[in-house]
Amino acid sequence: MPDPRAIIRSEALRAGIPEELIWIPLAIAYGESGWNPTQPGDAGKSIGRFQIHDIHGLSKEYREDPRKNAAYMMPAIAQAIASAQQQGLTGVNLLKSAWFAAERPENSPAAHANMERAYQYVVGEGGTNMANGLPPPPGEDDVKGFSVQPIFTLPNGTVIYG
């Protein structure tokens, strides 16, 4: 199975999200589903890496397709990022604003804690982007077995591994 980060990156770039902000959709997908393309949520009403709700009228198969799931969500995420940047938000506050605007999760302490965890996993304590060689989250079958090799480099020189 393709590395979920490569699919998310590709669709984010296609939607106009700048390379240096790719960590935002990566963190959102990690927080929503742990990058699991078949992850159910909302009592089975939401499915996929970005937890697309059935209210949107998309089939389960469409929402479970990693590329279609990411492509569907990226325009909303791109718009949410741009709006949050206009407010001057950065770091975890930029992530939270974009996540709430694009995904509309429950505004609860648990949701905020989940966003903080996703931010720390993807961005990391040192401020680097996408875990620089960290293994995928344990126990997540759809990301096991990908090679740990550079997959792209951010403009700031940070190497993203996959």
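Quick notes on the rules
Residues numbered from 1 in each chain as written. Predicted model: local features only at pLDDT ≥ 70, side-chain atom pairs only at ≥ 80, totals over all residues. Heavy atoms only, no water. Helix = DSSP H or I, 4+ residues; strand = E, 2+ residues; numbered from the N terminus. Buried < 20%, exposed > 50% of the residue type's maximum accessible area, 1.4 Å probe, protein only. Contact = heavy atoms within 4.5 Å. Pairing = 2+ DSSP bridges. 1 Å grid on protein atoms, 1.4 Å probe; cavity = no way out; pocket = protein on both sides within 12 Å on 5 of 7 lines; lining within 4 Å. Points joined across faces, edges and corners; volume = space filled by probe spheres on them. Nonpolar A, V, L, I, M, F, W, Y, C, P; charged D, E, K, R; others polar. Core = buried A, V, L, I, M, F, W, Y, C linked by side-chain atoms within 4.5 Å. pLDDT = per-residue confidence, 0-100. Expected span 1.5 Å × (residues − 1).

Draft legend 1. Structural context of the environment of Ala-15. Inspection of the secondary structure assignment puts Ala-15 in the loop between helix 1 (4-14) and helix 2 (23-33). For Ala-15 and Tyr-72, which are 57 residues apart along the polypeptide, the C-alpha to C-alpha distance reads 9.9 Å.

Draft legend 2. Molecular detail of helix 2. Counting buried positions over the 11 residues of helix 2 gives 10, a clear majority of the element. Among the residues making up helix 2, those that are buried are Trp-23, Ile-24, Pro-25, Leu-26, Ala-27, Ile-28, Ala-29, Tyr-30, Gly-31 and Ser-33. Buried positions along helix 2 lie against helix 1, helix 4 (66-86), helix 5 (91-103) and helix 6 (109-123). Within two residues after helix 2, Gly-34 carries a phi angle of roughly 65 degrees, on the positive side.

Draft legend 3. Geometry of the sheet that holds strand 1 (residues 40-41). Sheet architecture is open: 3 strands sit in the order 1-2-3, paired in antiparallel fashion. Each end of this open sheet is capped by a strand with a single partner; those strands are strand 1 and strand 3 (52-53). Examined bridge by bridge, strand 1 and strand 2 (residues 46-47) share 2 bridges and lie antiparallel to one another. Following the sheet pairing, Pro-40 is matched in strand 2 by Ile-47.

Draft legend 4. Examining the layout of surface pockets more closely. Taken as a whole, the largest pocket encloses approximately 550 Å³ of empty space. Along the walls of the largest pocket sit 25 residues, with Glu-32, Gln-51, Glu-103, Arg-104 and Pro-105 positioned nearest its centre. When contributions to the lining of the largest pocket are tallied by element, the ones reaching two or more residues are helix 2, strand 3, helix 4, helix 5 and helix 6. The leading source of residues in the lining of the largest pocket is helix 6, at 4 residues. Partitioning the lining of the largest pocket into residue classes produces 12 nonpolar, 8 polar and 5 charged.

Draft legend 5. Layout of the nonpolar core. Ile-17, Trp-23, Ile-24, Phe-50 and Ile-77 are the most contacted members of the largest nonpolar core, which totals 37 residues. If one sorts the elements of this core by residue count, helix 4 sits on top with 8 residues.

Draft legend 6. A look at the confidence of the model for the protein. Chain-level pLDDT for the protein is 78 on average; 75% of the residues reach the 70-or-more range. At the level of individual helices and strands, the protein shows its lowest average pLDDT in strand 5 (residues 159-161), which scores 46, and its highest in helix 4, which scores 95. Across residues 131-149, where pLDDT falls below 50, the model places 39 contacts with residues more than four positions away in sequence or in other chains.

Draft legend 7. Spotlight on helix 5. In a regular helix each residue adds 1.5 Å, so 13 residues correspond to 18 Å; helix 5 covers 18 Å between its end C-alpha atoms and thus fits that length. Within helix 5 the residues assigned to the buried category are Val-92, Leu-94, Leu-95, Lys-96, Ser-97, Ala-98, Trp-99, Ala-102 and Glu-103. The secondary structure elements touched by the buried residues of helix 5 are helix 2, helix 4 and helix 6. Two residues or fewer after helix 5 comes Arg-104, characterised by a positive phi angle close to 55 degrees.

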